[in-house]
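# Observations on the model geometry
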Amino acid sequence: MTDELLYYGSILLFLLVISAYFSAAETAMTAVSRARIYQLVMDNNRAAKIVSRLRREKESMIGTVLLGYNAVNIAASVLATTVCIRFFGSGDALVVTTLVMTLLVVVFTEVLPKTYAIHNAEPVALALAASLQWCMKLLYPITACIQLFIRGFFKMFGVDVTAANNLISASDVVRGTIELHHREGKMIKQDRDMLGSILDLNDLMVGEIMLHRKQVETINADLSAQELVSQAVGSAHSRIPLWQGEPDNIIGLLHVKTLMRTLSERGDITGSAMTAEAITALCIKPWFIPETTSLRDQLLAFRSRRQHFAFVIDEYGGWQGIVTLEDIIEEIVGDIDDEHDEVNRDIQKAGEDSYFVTGSLSVRDINRELDWNLPDEHASTVAGLLIHEAETIPSVGERFSIHGFRFTVVSKDGMQVTRIRIDKLPDTVLPEDVQV
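Only a predicted model underlies this, so the values are computations on that prediction, with no experimental measurement involved.

A separate point is the packing of aromatic side chains. Taken as a whole and judged by the stated rule, the model has eleven aromatic pairs. Taken together, the aromatic side chains of Phe149, Phe153, Phe154 and Phe157 make up a single cluster linked through ring pairs. A cation over a ring is seen here: Arg305 above Trp287, with NZ or CZ 4.0 Å from the ring centre.

Let us look at the sheet that holds strand β6 (residues 309-313). Judged by pairing direction, the sheet is mixed, and its four strands sit side by side in the order β1-β7-β6-β5 without closing on themselves. Each edge of the sheet is formed by a strand with only one pairing partner; in this case those strands are β1 (211-212) and β5 (288-290). The pairing of β5 with β6 spans three bridges and is parallel. Across the sheet, the residue bridging to Ile289 is Val312, located in β6.

Our next topic: a nonpolar patch on the surface. Together, Ile142, Ile146, Phe149, Ile150, Phe153, Phe154, Met156, Phe157 and Val159 make up a nonpolar patch on the protein surface, roughly 900 Å² of accessible area in all. Looking at where Ile150 falls in the secondary structure, it is placed in helix α6 (residues 121-156). With a relative accessible area of 34%, Ile150 lands in the partly exposed category.

So, about the packing of helix α8 (residues 189-200) against helix α14 (residues 325-333). Two elements in contact, α8 and α14, have axes whose closest approach is 6 Å; the angle formed by their N-to-C orientations is 130°. It follows that α8 is oblique to α14 by the angle criterion. Residues Asp193, Met194, Ser197 and Ile198 of α8 lie in contact with α14, whose contacting residues are Glu331, Ile332 and Val333. Along the lines of polarity and charge, the residues of the contact of α8 with α14 split into four nonpolar, one polar and two charged.

Reading guide: rules and limits
- Residues numbered from 1 in each chain as written.
- Predicted model: local features only at pLDDT ≥ 70, side-chain atom pairs only at ≥ 80, totals over all residues.
- Heavy atoms only, no water.
- Phe/Tyr/Trp six-rings, centres within 6.5 Å; stacked < 30°, edge-to-face > 60°.
- Lys NZ or Arg CZ within 6 Å of the ring centre and 35° of its normal.
- Pairing = 2+ DSSP bridges.
- Helix = DSSP H or I, 4+ residues; strand = E, 2+ residues; numbered from the N terminus.
- Patch = residues over 30% accessible without salt bridge, like charges linked within 9 Å, V, L, I, M, F, W, Y side chains within 5 Å.
- Areas by Shrake-Rupley, 256 points an atom, 1.4 Å probe, with all protein chains shown as cover.
- Salt bridge = Lys/Arg side-chain N within 4 Å of Asp/Glu carboxyl O.
- Buried < 20%, exposed > 50% of the residue type's maximum accessible area, 1.4 Å probe, protein only.
- Axes fitted to C-alpha atoms, helices over the stretch in contact; angles between N-to-C directions.
- Parallel < 35°, antiparallel > 145°, perpendicular 65-115°, else oblique.
- Contact = heavy atoms within 4.5 Å.
- Nonpolar A, V, L, I, M, F, W, Y, C, P; charged D, E, K, R; others polar.

All quantities given are derived from atomic positions and should not be read as evidence of function.
This is the structure in structure tokens:
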């Protein structure tokens, strides 16, 4: 009797080990990083190639694992029940056997192997890949029949399980991974912002980041040559748009460096010997682009045309502003200041969770700087957001509660909101605030 018990006990132990194998294989294959496996495949790792193949045949792999797991568990339960009845009879012994088998299956074939596999997904997946592939080939006739039955069953109810799931784009997956790593402390805020901005290049339009024409320094080409030279040399910019007749009529882009080189070659630093026509002839032809051009397309266009400056126009052909290569780069890495740039005072701290901001500051910039989440779908600047949500031109001193923030108009220049105070609100909002 003892020998028989040892014999049946050995078989039962073997079945539990096989069950634990399938349990660990299922967890490891589904939890292993696709990116890491892909990198190992590029390094010509044989086991990684098998893992990659098994993941592509996920339905067949899961079918094999579940079939093997349930088969050995049922066999183990039947064997334990048979041994119990044969040697100990029915009754209390059968109840004890059921409890013991449940404990063994849950602990040693479920919790223990799955816990180990989920914390060591890569080494477990690589170690079990070859044997699992062999099991898939062995059980393929059975799993194939099961898959056909399942698909037919779903088809009866109009469900197509073979259809590709395109609900989540690849960029959304990458964006979610970046945000997750940041929240887990594995990535600093600057890296998160830069990577996220790269993913946004295809969604952002140049009209959202351009420098508005009101802020662009231009020169009237009808001025005398000496006045043109004086204004160009006195400018802090290296490229200056020239207009003629009216400010909307941009005729060219003057490179100050080219002008200075020409003057130096002629020995005429003041430009007294040159004509205005000769100076305008040094300009390059203006490059006009629609405001709906994506940043990604414009970045590629800058590279292909080897130009760093473009004029943005609206749907009616009106000049709206300018965009440069530096603007797009700053959209990715943040502001790049040199020794000639003024200190950025677009955001000034006014208190705890309270800031003074310029109205022309972009919503994306304040979100990135302060880690806020103000919406930028309908307006690109803070002042634009306030006007959009308020549906009116606010007066100085008016306050509005918008998306969990209090906007207070500090100053205006005519109809333009130039300075705003923004306070992050608690859960409750003051009664005197205008709700929008």
